[in-house]
Amino acid sequence: AFALGGVDVRDARISWRDEASGASYNVQHLALRTGRFVPGEPVDLNLSFDLDVGAAATTRVILTSRFQLDLERQRLEIPQLALSVGELALKANIRGERLRESPTWQGTLEVTPFDALKFLRQHGIDYQPTDRNALARIGLKTQLAASGAEFRLSGLEIRLDESRLTGTLGLRDF
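Residues numbered from 1 in each chain as written. Predicted model: local features only at pLDDT ≥ 70, side-chain atom pairs only at ≥ 80, totals over all residues. Heavy atoms only, no water.

**Regarding the layout of surface pockets**
Then, number 1: As a volume, the largest pocket reaches approximately 260 Å³.
Then, number 2: If you go around the largest pocket, you meet 13 residues; those closest to its centre are Val38, Pro39, Gly40, Leu69 and Leu71.
Then, number 3: At four residues, strand β4 (residues 59-70) tops the list of elements feeding residues into the lining of the largest pocket.
Then, number 4: Residues that form the lining of the largest pocket fall into these classes: eight nonpolar, two polar and three charged. (1 Å grid on protein atoms, 1.4 Å probe; cavity = no way out; pocket = protein on both sides within 12 Å on 5 of 7 lines; lining within 4 Å. Points joined across faces, edges and corners; volume = space filled by probe spheres on them. Helix = DSSP H or I, 4+ residues; strand = E, 2+ residues; numbered from the N terminus. Nonpolar A, V, L, I, M, F, W, Y, C, P; charged D, E, K, R; others polar.)

See the structure below:
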């Protein structure tokens, strides 16, 4: 059986420039660490870097996860996934089955409430809402399911400042 002791990348840098648009992108202080890769066993993943896309400030990106890929059973389980981009924090757990045949996905997703206006400004987007208190608190919780050409969010709860939207969202044949 194939096994890999892990991956350990420290303080790497990636820079690229889009000649068509003139935009430049820089990833600095990139660190990637994984646990052992052994078929059918869980793997820990830690990724972090500073991202500069020409905005006023550099953004710290951190991804931590534990996942298990079982190719024989065609199953991917990600019971612990956490992604933060500056102040935006996302937590999820996802399970995929029949990966080679007709993949199905299910899980939960949560975006912890954050100040979206501050986030936009930190990323060089100078949006000026008519209400200066708007976009001060945005969050989301939902369960997701997808298969073939269908996608569904159930138990959907979106918070926008003092407003709360609940329901279900489904897409078919997209």
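**So, the side chain of Thr104**
Then, number 1: Take Thr104: it is sitting in strand β7 (residues 104-114).
Then, number 2: Accessibility expressed as a relative area gives 18% for Thr104, which makes it buried.
Then, number 3: When residues no more than four places from it in sequence are discounted, the contact partners of Thr104 are Arg95, Gly96, Glu97, Arg98, Ala146 and Ser147. (Buried < 20%, exposed > 50% of the residue type's maximum accessible area, 1.4 Å probe, protein only. Contact = heavy atoms within 4.5 Å.)

**Digging into the pairing of strand β3 (residues 43-52)**
Then, number 1: Strand direction decides the pairing type here: strand β2 (residues 24-34) and β3, joined by seven bridges, are antiparallel. Within β3, the position partnered with Arg33 by the bridge is Asn46.
Then, number 2: Examined bridge by bridge, β3 and β4 share nine bridges and lie antiparallel to one another. Within the sheet, the bridge partner assigned to Asp44 lies in β4 and is Arg66. (Pairing = 2+ DSSP bridges.)

**What about the pairing of strand β6 (residues 88-97)?**
Regular strands show a simple pattern: their side chains alternate between the two faces of the sheet.
Then, number 1: As judged from the nine bridges shared by strand β5 (residues 75-85) and β6, these two strands associate in the antiparallel manner. Within the sheet, the bridge partner assigned to Ala82 lies in β6 and is Lys91.
Then, number 2: Taking the residues between adjacent antiparallel strands as the criterion, β5 and β6 are bridged by two residues, where Gly86 takes a positive phi near 60 degrees.
Then, number 3: In terms of strand pairing, β6 meets β7 through eight bridges, oriented antiparallel. The partner of Leu90 across the bridge, within β7, is Val111.
Then, number 4: Linking two consecutive strands that pair antiparallel, namely β6 and β7, is a turn of six residues; a positive phi of about 50 degrees is found at Arg98 within it.

**Examining the pattern of salt bridges**
Oppositely charged side chains can form a pair if their charged atoms are brought close together.
Then, number 1: Applying the stated criterion across every chain, the model contains 12 salt bridges.
Then, number 2: A salt bridge links Arg66 to Asp44; the shortest N-O distance between them is 2.8 Å. Pair noted here: Arg66 is in strand β4 and Asp44 is in strand β3, with a separation of 22 residues, a long-range link.
Then, number 3: Taken together, the shared-partner salt bridges in this structure form one network comprising Arg75, Glu77, Arg95 and Glu97. (Salt bridge = Lys/Arg side-chain N within 4 Å of Asp/Glu carboxyl O.)

**Describing unusual backbone geometry**
Then, number 1: The phi dihedral of His29 falls on the positive side, at around 55 degrees, and the residue is not glycine.
Then, number 2: Inspection of the secondary structure puts His29 in strand β2.
Then, number 3: Positive phi, normally seen in glycine, also occurs at Arg98, with a value near 50 degrees.

**What to know about the environment of Pro42**
Then, number 1: On the secondary structure map, Pro42 appears in the loop between β2 and β3.
Then, number 2: For the pair Pro42 and Thr59, spaced 17 residues apart in sequence, the C-alpha separation works out to 29 Å.
Then, number 3: If sequence neighbours within four positions are ignored, Pro42 has contacts with Arg36, Arg66, Phe67 and Gln68.

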